[in-house]
Amino acid sequence: MTEKGAVIGQLPQGPESGVNPLDEPVVERAEPSIERIDRVYRKLDLRIIPAIRSNVGLSQTMNEAQHHDLGEVLHLTPKEISTGLALFYVCYVVFDLPSNLIMTRLSPRVWMSRIVIGVGIIGSCMAAMKAAWSLYLLRLLLGIVIAGMWPGMAYYLTLFYPPSRTGKRIGQYFTAAQVSAAVVGLVSAGFQKMDGLQGLVGFQWMFLLYGLVTIVVGIGLLWWLPDRPLPPGEVSVRTGVYKYMPRSKPALTGEDALIHYEDLTRVYHRHRWNLRDLLHVFIDWRLWPLLLMYFGVVGVGIGVQNYASVIIQATNSKLSSIDLSLLTAPIWIMDLIAILLVTPISDRFHHHRALFFSVPVCIQIAGLLLTTYGGSEAHPWPRYGGLLMVGFGLGPTVPITMTWTNEIFQPRHGEVGVAAASALVSGLGNLGSILTTYALFTGWVADSRPGKKQYRNSTLVMVGILCLSILSAFVMTLLLHVVGNGPGAKQVSSGSSTSEGEGVIVDGAAKRELHERGLGRLWWRRR
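Residues numbered from 1 in each chain as written. Predicted model: local features only at pLDDT ≥ 70, side-chain atom pairs only at ≥ 80, totals over all residues. Heavy atoms only, no water.

Undergrad: Is there a simple way to explain the overall build of the protein chain in this structure?
TA: The number of helices and strands found in the protein chain is 17 helices and two strands. In the protein chain, which comprises 527 residues, the share counted as buried stands at 56%. (Helix = DSSP H or I, 4+ residues; strand = E, 2+ residues; numbered from the N terminus. Buried < 20%, exposed > 50% of the residue type's maximum accessible area, 1.4 Å probe, protein only.)

Okay, here's the thing in structure tokens:
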């Protein structure tokens, strides 16, 4: 609920102002330059938050020599570990959509904080696991509380950026997660040195400390994350439990706020969605190619994340548990490099998302084949090089898929389209994660037997689902050219930013999105 005041930079109008808008001329503001608009969006970038994570996959090989790895301490079989890993994604699939829809009705800032605090609490509790049932229970609870975090951030960014600019920003958020994964790989070597301290083994220290840090970060989000933007001059009225929540500083003020309002008007004038609007999203055919794209790349990404140390160990059995932890970090550093290189360029050529998606997927396929068939027992490092290629190829694919989802569904279905579509793509797409964590690698008994062909079938399955992702991107591009996603193909609903009889172009950003930015105004081309 809000109170309204005079809009900054415009004459007050209406009976209460004493000004008749029919008699008085409207003062037009000069349109801001592209450079000025870019500075506003760069100012928003300062409020992007990193993610912190621990890694159950690493705990499979931590302190193996001391028999203090996850399986030994909890007396788990490889199949029980893979089941515990997969249960998390089952809850992710089920609860992603409800979480994102709740977020559209509540404060996004508070909801994101709730997710992070919940993840920290459950993560800390994982230090107390004693048997298979506790692993299953905590992985289920973790999936429930974290559901909506990734698609929620993708939706949250569309409240501040036009879709054509979200690829870079979603990539930056994803980069924070990858940096965290790399840091965990490095720091887990230190946790192994803490093995036995205060009666806790290495992986228990990892879960406990990362959980506590995550709780602190989640509480800090209540002050740091900006809430849903309001039109200049409009003030939020806090009611109910929100009266007891800390206020966060507005993301933009003054002239910056007015420029943002004029450039992204669509997010300031949202309609309250209903079940009919949600149904329109579900039956939109554009949802399903995106879902299949995500299915392949996230399945491979999660499979590599959870089994990287296991795969490396299979390529070189002479490595110690500390070596395995350290060697996982470069995979995510390569992932980080690719995100920083590819996602900004994909925003500048946003009409060619399929190309920027498919080329990295091909790199993943080449890397998996190298990991499967390259090298030898005497020279195993080419197989590790294949994993680095997989990490590089993984980087841009998930952010680009989520960005393309935003670009397609925001003009067609408005805010509920972004929230529901991103949740469905992320949630149902994580069926690929269930496949790779439960059915492949240690979960596939026949494929996990030691030898030259260990895990070969698992990697070939991942190659297959990546081929499905490329095919889906091609089909999506072809159908968009045939059917379209423009004014003639628009499906208008009460949840959309455009109503029947209105034009699709509603703000400055929408006008610019009709054309690609290309390589203009990059730092080396500015005078």
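Undergrad: Honestly, the packing of aromatic side chains in this entry has me stumped. Any pointers?
TA: Where two aromatic rings form a pair, the distance of their centres and the angle of their planes describe that pair. Evaluated as defined, the whole model comprises six aromatic pairs. Ring-pair connections join several aromatic residues into one group, and the members of that group are Phe88, Tyr89 and Tyr92. Over the aromatic face of tryptophan 273 sits the side chain of arginine 105, whose NZ or CZ is 4.2 Å from the ring centroid. (Phe/Tyr/Trp six-rings, centres within 6.5 Å; stacked < 30°, edge-to-face > 60°. Lys NZ or Arg CZ within 6 Å of the ring centre and 35° of its normal.)

Undergrad: For this particular structure, what's the right way to read the packing of helix α4 (residues 108-125) against helix α5 (residues 132-146)?
TA: Between two packed helices, what matters for the description is the angle formed by their axes and the separation of those axes. It is the contact of α4 with α5, at a shortest axis distance of 8 Å, that shows an interaxial angle of 170°. Considering the angle they form, α4 stands roughly antiparallel to α5. In contact with Arg114, Ile115, Gly118, Val119, Ile122 and Cys125 of α4, α5 contributes Leu138, Leu141, Leu142, Val145 and Ile146. (Axes fitted to C-alpha atoms, helices over the stretch in contact; angles between N-to-C directions. Parallel < 35°, antiparallel > 145°, perpendicular 65-115°, else oblique. Contact = heavy atoms within 4.5 Å.)

Undergrad: Where do I start with a nonpolar patch on the surface in this structure?
TA: A cluster of nonpolar residues, Val90, Val94, Phe95, Trp133, Leu137, Leu141 and Ile144, forms a patch on the protein surface that exposes about 620 Å² of accessible area. Elements that contribute at least two residues to the nonpolar patch include exactly α3 (78-105) and α5. The element that contributes the greatest number of residues to the nonpolar patch is α5, accounting for four residues. For tryptophan 133, the location among the structural elements is in helix α5. Classification of tryptophan 133 as exposed rests on a relative accessible area of 60%. (Patch = residues over 30% accessible without salt bridge, like charges linked within 9 Å, V, L, I, M, F, W, Y side chains within 5 Å. Areas by Shrake-Rupley, 256 points an atom, 1.4 Å probe, with all protein chains shown as cover. Salt bridge = Lys/Arg side-chain N within 4 Å of Asp/Glu carboxyl O.)

Undergrad: So what exactly am I meant to see when it comes to the pattern of salt bridges here?
TA: In this structure the tally under the stated criterion is ten salt bridges. Note that aspartate 256 is salt-bridged to arginine 36, the shortest N-O span being 2.7 Å. Of this pair, aspartate 256 sits in helix α9 (residues 254-263) while arginine 36 sits in helix α1 (residues 34-45); the two residues are 220 residues apart in sequence, bridging distant segments of the chain. With relative accessibility at 21%, the residue arginine 36 sits in the partly exposed group. The salt bridge involving arginine 353 is made with aspartate 347; its shortest N-O contact spans 3.0 Å. Aspartate 347 carries the same exposure label as arginine 353, and that label is buried.

Undergrad: Honestly, the nonpolar core in this entry has me stumped. Any pointers?
TA: Generally speaking, soluble globular proteins have nonpolar side chains that are buried together. One finds Trp150, Leu290, Val300, Val304, Ile312 and Trp404 to be the most contacted residues of the largest nonpolar core, which totals 121 residues. Top element by residues in this core is helix α14 (residues 381-429). It accounts for 18 residues. (Core = buried A, V, L, I, M, F, W, Y, C linked by side-chain atoms within 4.5 Å.)

Undergrad: I tried to follow the confidence of the model for the protein chain on my own but got confused; where do I start?
TA: Keep in mind that low pLDDT regions are not for reading the predicted coordinates in detail. When pLDDT is averaged across the protein chain, the result is 79; 79% of the residues are at 70 or more. No element of the protein chain has a lower mean pLDDT than strand β1 (residues 2-4), which averages 39, and none a higher one than helix α13 (residues 353-373), which averages 94. The low-confidence segment residues 1-27 (pLDDT under 50) makes 35 contacts with residues lying over four places distant or belonging to another chain. For the stretch residues 487-505, pLDDT sits under 50, and the model shows 46 contacts to residues farther than four places along the chain or on other chains. (pLDDT = per-residue confidence, 0-100.)

Undergrad: It is not clear to me how the environment of threonine 315 should be interpreted in this structure. Could you clarify?
TA: One can find threonine 315 in helix α11 (residues 287-315). For threonine 315 and glutamine 454, which are 139 residues apart along the polypeptide, the C-alpha to C-alpha distance reads 8.9 Å. Those residues in contact with threonine 315 that lie beyond four places of it in its chain are Pro380 and Arg383.

Undergrad: What's the story with the side chain of glutamate 407 in this structure? I'm lost.
TA: If you trace the backbone, glutamate 407 turns up in helix α14. Judged by its relative accessible area of 14%, glutamate 407 is buried. A distance of 3.0 Å separates a polar atom in the side chain of glutamate 407 from a polar atom in the side chain of arginine 353. (Polar contact = N/O pair within 3.5 Å; in protein donor to acceptor, adjacent residues only side chain to side chain.)

Undergrad: I keep staring at the environment of asparagine 457 and nothing clicks. Help me out?
TA: Tracing the backbone shows asparagine 457 in helix α16 (residues 456-482). Residues in contact with asparagine 457, not counting those within four places in the same chain, are Trp444 and Asp447.

Undergrad: What is the right way to look at α5 in this model?
TA: It helps to recall that an α-helix has 3.6 residues per turn; residues three or four apart then point in one direction. Between its first and last C-alpha, α5 extends 21 Å over 15 residues, near the 21 Å set by a 1.5 Å rise per residue. Taken together, the buried positions of α5 are occupied by Ala132, Ser134, Leu135, Leu138, Arg139, Leu142, Gly143, Val145 and Ile146. (Expected span 1.5 Å × (residues − 1).)

Undergrad: How do you make sense of the packing of α3 against α5 when you look at a structure like this?
TA: Where α3 contacts α5, the two axes come as close as 7 Å, and the packing angle between them is 25°. As summarised for this structure, α3 and α5 are arranged roughly parallel, according to the angle between their axes. Two packed elements cross with a definite hand, and for α3 against α5 that hand is right-handed. Here Glu80, Ile81, Thr83, Gly84, Leu85, Leu87, Phe88, Tyr89, Cys91, Tyr92 and Phe95 of α3 lie close against α5, whose contacting residues are Ala132, Leu135, Tyr136, Arg139, Leu140, Leu142, Gly143, Ile144 and Ile146. Split by residue class, the contact of α3 with α5 holds 15 nonpolar, three polar and two charged. (Left-handed = near helix turned anticlockwise from the far one by under 90°. Nonpolar A, V, L, I, M, F, W, Y, C, P; charged D, E, K, R; others polar.)

Undergrad: What am I meant to see in the state of the cysteines here?
TA: In total, this model carries zero disulfides according to the counting rule given. Its sulfur unpaired, cysteine 467 is 8.1 Å from the next cysteine sulfur, which belongs to cysteine 362. (Disulfide = S-S within 2.5 Å.)

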